[in-house]
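For reference, the chains in residue letters:
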Amino acid sequence: MSSYVVGFPRIGEQRELKFALESFWSGKSDFSEVKSVAKDLRSRHWKYQQDAGVDLISVNDFSLYDNMLDMIVTLGAIPARFRGLKGEELYFAMARGNKDAVAMEMTKWFNTNYHYIVPELTPNDEYSLDASKIIKEYKEAKELGINAKINIIGPLTFLANAKRVDRGDTFELLGKILPIYEELLGEIAKLDNEVLVQIDEPFFVRGTDAKDLSLLKPTYDKLCSVSENLKIVVATYFEHSSEATKVLVNTPIYGLALDFLYGKENMETVDLIASKGKKLFAGVVDGRNIWINNIESTVELLEQIATKISKDNIFVGSSCSLLHVPFALEYEEKLDRNIKSWFAYAKEKLIEIDVIEKLFRGEELNSAESAALEANKVANQTRKTADIIHDKAVQARVAGEIKLDRDEPFENRLKRQHESLNYPKLPTTTIGSFPQTPEVRKARRDFKKGEISKEAYESEMKRYIDDCIAFQEEADIDVLVHGEPERNDMVEYFGEQLKGYAFSQNGWVQSYGSRCVKPPVIYGDISRPKPMTVDWMVYSQSKTTRIMKGMLTGPVTILNWSFVRDDMERGDVSKQIALAIADEVSDLQDVGIKIIQVDEAAFKEGYPLRAEKIPAYEEWAVRDFKICVAPAKSETQIHTHMCYSEFNDIIRTIEAMDADVISIETARSGNELLKIFAKVGYKQEVGPGVYDIHSPRVPSKEEIVTQIEKLIEVLPIKQLWINPDCGLKTRKWEEVKPSLINMVEAVKEIRER
Ligand code: GLN
Ligand code: ZN
């Protein structure tokens, strides 16, 4: 019994859970249907793992919406506004809101694109255990003959990822939460003579400070003392957790599950784990990327680990939950055969784990396993040499001389830009996209399927652009956009046109709740065979005498929303993308586009989990943004947009990116978040969002006037642009039109004063 998987995807290979949930939410079916789909999926997923030879199979990795939300229910940490509700009504109200109560907040799970529900705690909460989900699912698995381990999110990670409504320290509530965890483990211990419980504590990969670390030992001493029946394994992932390991080995836990892919430093604690007699669950198959494992070198890695800890004490498994990769390759019918041979989705990773484990133990492979091993060797070999991956021209260009900076400092540039662009004080603009109407979506879909001609598609898009421009002129917006109707997604659009990118057919990964995304895949050297946005921009500019802003997505965002090749440093991949975007900037400028926006919506998402790794990331991230805008002449104005509000920790980095104008989200916080720009003496221009685009609400002119007044308190008028918080593609025209009209009216009122 020695292979394991940290967790398995749950949405279903055909996204069955998504469709069942959405049908229930829209009132088309009842909850029993959801329950039956969920039960089927659980048993099917357990079976897959069992058939693949996985020894320890997760229970409670399943969720109807989110595992953190499940933990909230288990602990009875229900925010006051939902009390009185029960069962699925309560559960989905917390997740999605209802007519009386807004949904709980959602945020990213560490540095993945998965979003969890943030627990809302107060010092007055009274917690109480509801272990029913876990017990039910465990019994279900047992009945099916599954060798189950139970997954739960650990108390310290739960608290670290929670927020206190009164803004206090969530760890102060440990004394209240821990007894519920003990009670829970007590219930679990009754299920069998021996139950393995995987307690996830990824919080400790952040390189936690001494105060937080000091909570570990008392917590795990307590949890381990609940029952002799329990074997507790503490799991961390996405980075190393050496500091925590050093503490945990001195508690009565059974073992540690560590990530050896994104936390190579974990190797340094293996000796210690061995000397303290703990089991090591070695995460050696990448749970969050889609590339095949190199089975031979992984076995070597395990052999190296086995020089420090005896083989009997090593379990072999995934680095993290397979939740972060798509389900199975068998549905990829259109993918290039070679490229497909380099991919391993969740089901394929099960086989890899099995083969690696057997080789490591010196067990004989059956014929299917031998074939898998052989295919793995071949694929790893072709990946090293394939022409479609390795492009000599790209490599030569990246290694050659690259323009890293604009010609002049921003003071001079802005002066020239004001002379040539001549925009008024408090210039108005938008972030790029306008509402994606059903007609636009349909036209794009039909064109992709080959159901309408290129001409028909283009004329549909042009009609949209015409309307979009006409509206903006009528509303009297200063700097116009074309509305991005031709883009399904700001990364996919560019990925589809770049060489080195592949697209899956069924590569869905859960993002939150029932929502899935299909990240494109960077498999090879990146280049731009031809201009990607120039024709659309030429058309758009020809339709107006006002300034038309060109729209591009920046390299860091492209990288952060893709599956990135693992045979090259991320920074090197980013540099290739930057050069491709630089060509586009240059082409746009040549056809007369005077303002170009390079969106870095996901710039912050790529930040490393550990502080000591941040400078290296910032270095290449800033470099590559600068590379892609370096061709812009001083007169050409470069904008960037970031979808956040919190800039305090990265303000110097933003400054170093050296954009002429940056637009950010601030509407929900008044002027608080802008203050940092004033505090550090930021001199470039800033467009703080004046209204929240995440809600359908139309802001009144007066509200926007008030918001602008607040902004003026912080930054001088000459430095400010006026725009919404983010792109408008998810909104409806009925909301967008009056909102933007009010925005412009508000600006005019202030200008008159
Ligand atoms: N230009 C993009 C848009 O307006 C930016 C989107 C984003 O920041 N997420 O949709
Ligand atoms: Zn945004």
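Everything below is about the structure printed above this text.
Just so it is clear, the model here is predicted, and its values are computed rather than measured. Residue indices follow the written sequence of each chain, beginning from 1 at its first position. All chains are assigned letters beginning with A, and all ligands numbers beginning with 1, in the order in which they are written. Given that the model is predicted, a residue must reach a pLDDT of at least 70 before its local features are reported, and side-chain atom pairs must reach 80 or more before they are shown or counted; all residues, however, enter totals for whole chains, interfaces and linings. Side-chain numbers come from the whole structure's heavy atoms, not from hydrogens or water.

> Sorry, what's going on with the nonpolar core here?
Side chains that are nonpolar tend, in soluble globular proteins, to be buried together. Here, nonpolar core means buried Ala, Val, Leu, Ile, Met, Phe, Trp, Tyr and Cys residues that are tied together by side-chain atoms lying within 4.5 Å of each other. Partly exposed describes any residue whose relative accessible area lies between the buried limit of under 20% and the exposed limit of over 50%, with all areas from a 1.4 Å probe on protein chains only and scaled to the type maximum. By size, the foremost hydrophobic cluster in this structure holds 152 residues, and its most contacted members are Ile 152, Phe 158, Ile 188, Tyr 220, Ile 232 and Ile 305. A run of H or I in DSSP counts as a helix once it spans at least four residues, and a run of E counts as a strand once it spans at least two, with each numbered from the N terminus. Sort the elements by how many residues they give to this core and helix 7 (residues 174-189) lands first, with nine residues. Setting aside its immediate chain neighbours within four residues, Ile 188 contacts Ile 134, Ile 150, Val 195, Val 197 and Leu 230. By size, the runner-up hydrophobic cluster in this structure holds 100 residues, among which are Ile 593, Trp 620, Ile 664 and Val 686. By the convention used here, residues are in contact when the closest approach between their heavy atoms is within 4.5 Å.

> In this structure, what is going on with the pattern of salt bridges? I would like to understand it.
Once the charged atoms of two side chains with opposite charge are near each other, the side chains can pair. A side-chain nitrogen of Lys or Arg and a carboxyl oxygen of Asp or Glu constitute a salt bridge if their distance falls within 4 Å. Across all of its chains, the model carries 65 salt bridges by this definition. For Asp 100, the salt bridge goes to Lys 99, with nearest N and O atoms at 3.4 Å. Classification of Asp 100 by relative accessible area gives exposed; the value is 66%. With a relative accessible area of 79%, Lys 99 lands in the exposed category. Salt-bridge contacts for Asp 624 lead to Arg 623; the nearest nitrogen and oxygen are separated by 2.7 Å. We classify Asp 624 as buried; its relative accessible area is 0%. Classification of Arg 623 as partly exposed rests on a relative accessible area of 26%. Via salt bridges that share partners, Glu 239, Glu 243, Glu 265, Arg 610, Glu 612 and Lys 613 belong to a single interconnected network.

> Please explain the sheet that holds strand 19 (residues 563-564) as it appears in this structure.
Within a beta sheet, neighbouring strands are joined by backbone hydrogen bonds and run either parallel or antiparallel to one another. In short, DSSP must find at least two bridges between two strands for them to pair. Read from one edge to the other, the open sheet built from three strands follows the order 14-17-19, with strand pairing classed as mixed. Since the sheet does not close on itself, it has two edges, and those belong to strand 14 (499-502) and strand 19, each with one partner.

> Would you mind showing me how to read the coordination of the zinc ion (ligand 2) here?
Six octahedral donors at a metal ideally form angles of 90 or 180 degrees, and four tetrahedral donors ideally form angles of 109.5 degrees. The donor set comprises N, O and S atoms within 2.8 Å of the metal, extended to 3.2 Å for Na, K and Ca; water molecules are omitted, so apparent gaps in a site may simply reflect that omission. Donor atoms from the polypeptide that bind the zinc ion (ligand 2) are His 641 (NE2), Cys 643 (SG) and Cys 726 (SG), placed at 2.0 to 2.2 Å. Just to be clear on the cut-offs, tetrahedral is four donors with all angles between 85 and 135 degrees, square planar is four donors and octahedral six with opposite donors over 155 degrees apart and all others between 65 and 115, and anything else goes down as irregular. The site at the zinc ion (ligand 2) holds four donor atoms, and with the angles between them running 81 to 121°, its shape is irregular. Here the donor residues of the zinc ion (ligand 2) are spaced in sequence according to H-x1-C-x82-C. Placement of Cys 643 in the loop between strand 21 (637-641) and helix 25 (651-657) and of Cys 726 in the loop between helix 27 (701-714) and helix 28 (733-752) is noted, with a sequence separation of 83 residues between them. With relative accessibility at 23%, the residue Cys 643 sits in the partly exposed group.

> Looking at this structure, how should I read the packing of aromatic side chains?
Aromatic rings considered in pairs are described by the distance between their centres and by the relative angle of their planes. Note on ring pairs: Phe, Tyr and Trp rings are taken, using the six-membered ring of Trp, and paired if centres are within 6.5 Å. Classes follow the plane angle, with under 30 degrees stacked, over 60 edge-to-face and the rest tilted. According to the stated counting rule, one finds 32 aromatic pairs in the structure shown. When the ring of Phe 24 is compared with that of Phe 92, the centres are 5.9 Å apart and the planes differ by 55°; the resulting orientation is tilted. Taken together, the positions of Phe 24 in helix 1 (residues 16-25) and Phe 92 in helix 4 (residues 87-96) put the pair 68 residues apart, joining distant regions of the chain. Of the two residues examined, Phe 24 and Phe 92, each falls in the buried class. Considering the side-chain rings of Phe 677 and Tyr 682, the 5.0 Å spacing of their centres and the 85° angle between planes classify their relative orientation as edge-to-face. Ring pairs connect the aromatic residues Phe 24, Trp 25, Phe 31, Tyr 65, Tyr 91 and Phe 92, which therefore count as one cluster. Any Lys NZ or Arg CZ found within 6 Å of a ring centre and within 35 degrees of that ring's normal is scored as a charge over the ring. The aromatic ring of Phe 238 is capped on one face by Arg 288, whose charged end is 4.8 Å from the ring centroid. Over the aromatic face of Tyr 262 sits the side chain of Arg 288, whose NZ or CZ is 5.4 Å from the ring centroid.

> What should I look at first to understand the sheet that holds strand 21 in this one?
Overall, parallel pairing links the six strands, which are arranged 13-18-20-21-22-23 in an open sheet. With partners counted over all chains shown, the strands left at the sheet margins are strand 13 (479-480) and strand 23 (685-688), one partner each. An axis is simply a line fitted to the C-alpha atoms; with a helix, the fit covers only the stretch in contact. Between two such axes, the angle follows the N-to-C directions and lies from 0 to 180 degrees. Running over the sheet, helix 23 (residues 570-590) touches strand 18 (547-553) and strand 20 (595-599) and is turned about 170° from strand 18.

> Is there a simple way to think about helix 15 (residues 367-385) in this case?
An α-helical segment advances 3.6 residues per turn. Residues three or four places apart therefore align on the same side. To estimate the expected span of a helix, subtract one from its residue number and multiply by 1.5 Å. With 19 residues, helix 15 extends 28 Å from end C-alpha to end C-alpha; this agrees with the ideal 27 Å at 1.5 Å per step. Along helix 15, the residues classified as buried are Glu 369, Leu 373, Asn 376, Ala 379, Asn 380 and Arg 383. All buried residues of helix 15 lie within an arc of 130° about the axis, which places them on one face of the element. Pointing more than 90 degrees away from the buried face of helix 15 are the exposed residues Ser 367 and Thr 385. If you follow the buried residues of helix 15, they end up packed against helix 12 (295-305), helix 13 (337-341) and helix 14 (346-361). As used in this structure description, the phrase polar contact means that two N or O atoms lie within 3.5 Å; if the pair is within protein, one of them must be able to donate a hydrogen and the other to accept it, and residues adjacent in sequence are counted only when both atoms belong to side chains. The backbone nitrogen of Ala 368 has a side-chain oxygen 3.1 Å away, supplied by the residue at the start of helix 15, namely Asn 366. By arc we mean the arc of the directions from the helix axis to the C-beta atoms, nothing more.

> Would you mind showing me how to read the site of ligand 1 here?
Distances are taken per atom, and a residue is near a molecule or strand as soon as one of its heavy atoms is within 4 Å of it. Near ligand 1 you find Ile 431, Gly 432, Ser 433, Glu 484, Met 490, Asp 599, Ala 601, His 641, Cys 643, Cys 726 and Gly 727, and these make up its full shell. For ligand 1, an oxygen atom lies 2.7 Å from a polar atom in the side chain of Ser 433. Per-residue and other accessible areas were derived by the Shrake-Rupley procedure at a 1.4 Å probe size, with only the shown protein chains allowed to occlude residues. About the coverage of ligand 1: the protein hides 90% of its 300 Å² of free accessible area. Polar here means any residue other than Ala, Val, Leu, Ile, Met, Phe, Trp, Tyr, Cys and Pro, which are nonpolar, and Asp, Glu, Lys and Arg, which are charged; Gly is therefore polar. Split by residue class, the shell around ligand 1 holds five nonpolar, four polar and two charged.

> I tried to follow the environment of Ser 63 on my own but got confused; where do I start?
The residue Ser 63 is located in the loop between strand 2 (57-59) and helix 3 (67-75) in this model. For Ser 63 and Ile 11, which are 52 residues apart along the polypeptide, the C-alpha to C-alpha distance reads 8.8 Å. Not counting chain neighbours up to four residues away, the residues in contact with Ser 63 comprise Arg 10, Leu 17, Asp 70, Tyr 91 and Lys 133. Reaching out from Ser 63, the side chain makes a polar contact with the backbone nitrogen of Tyr 65 at a distance of 3.1 Å. A distance of 2.7 Å separates the side chain of Ser 63 from the backbone nitrogen of Asp 66, its partner in a polar contact.

> Any chance you could explain the environment of Gln 637 here in plain terms?
Of note, Gln 637 is situated in strand 21. Spatially, the C-alpha atom of Gln 637 lies 40 Å from that of Pro 326, the residues being 311 residues apart in sequence.

> How should I be thinking about the environment of Gly 175 in this particular structure?
Mapped onto the elements, Gly 175 comes out in helix 7. Among the residues examined, Gly 175 registers a relative accessible area of 61% and is labelled exposed. Considered as a pair, Gly 175 and Val 680 are 505 residues apart in the sequence and their alpha carbons are 40 Å apart.

> Quick question: what am I supposed to make of the packing of helix 19 (residues 454-475) against helix 21 (residues 534-542) here?
Axis angle and axis distance: for two packed helices, these are the angle between their axes and the distance between the axes, and together they describe the pair. Axis separation between helix 19 and helix 21 bottoms out at 10 Å; the angle between their running directions is 45°. Taken together, the axes of helix 19 and helix 21 are oblique relative to one another. In the packing of helix 19 onto helix 21, the handedness of the crossing is right-handed. Along its contact with helix 19, which presents Tyr 457, Glu 458, Met 461, Lys 462, Ile 465, Asp 466 and Ile 469, the element helix 21 presents Trp 536, Tyr 539 and Ser 540. Broken down by class, the residue content of the contact of helix 19 with helix 21 amounts to six nonpolar, one polar and three charged. Angle categories are assigned with fixed cut-offs, so that under 35 degrees is roughly parallel, over 145 is roughly antiparallel, 65 to 115 is roughly perpendicular, and the rest are oblique. Each crossing gets its hand from how the near helix is turned against the far one by less than a right angle, where anticlockwise is left-handed and clockwise is right-handed.

> Would you take a moment to explain the side chain of Thr 251 for this structure?
In this fold, Thr 251 is placed in the loop between helix 10 (242-248) and strand 10 (255-259). Given a relative accessible area of 3%, Thr 251 falls into the buried group. A distance of 2.7 Å separates a polar atom in the side chain of Thr 251 from the backbone oxygen of Leu 248. Apart from residues lying up to four places away in sequence, Thr 251 is in contact with Lys 217, Tyr 220, Asp 221 and Lys 278.

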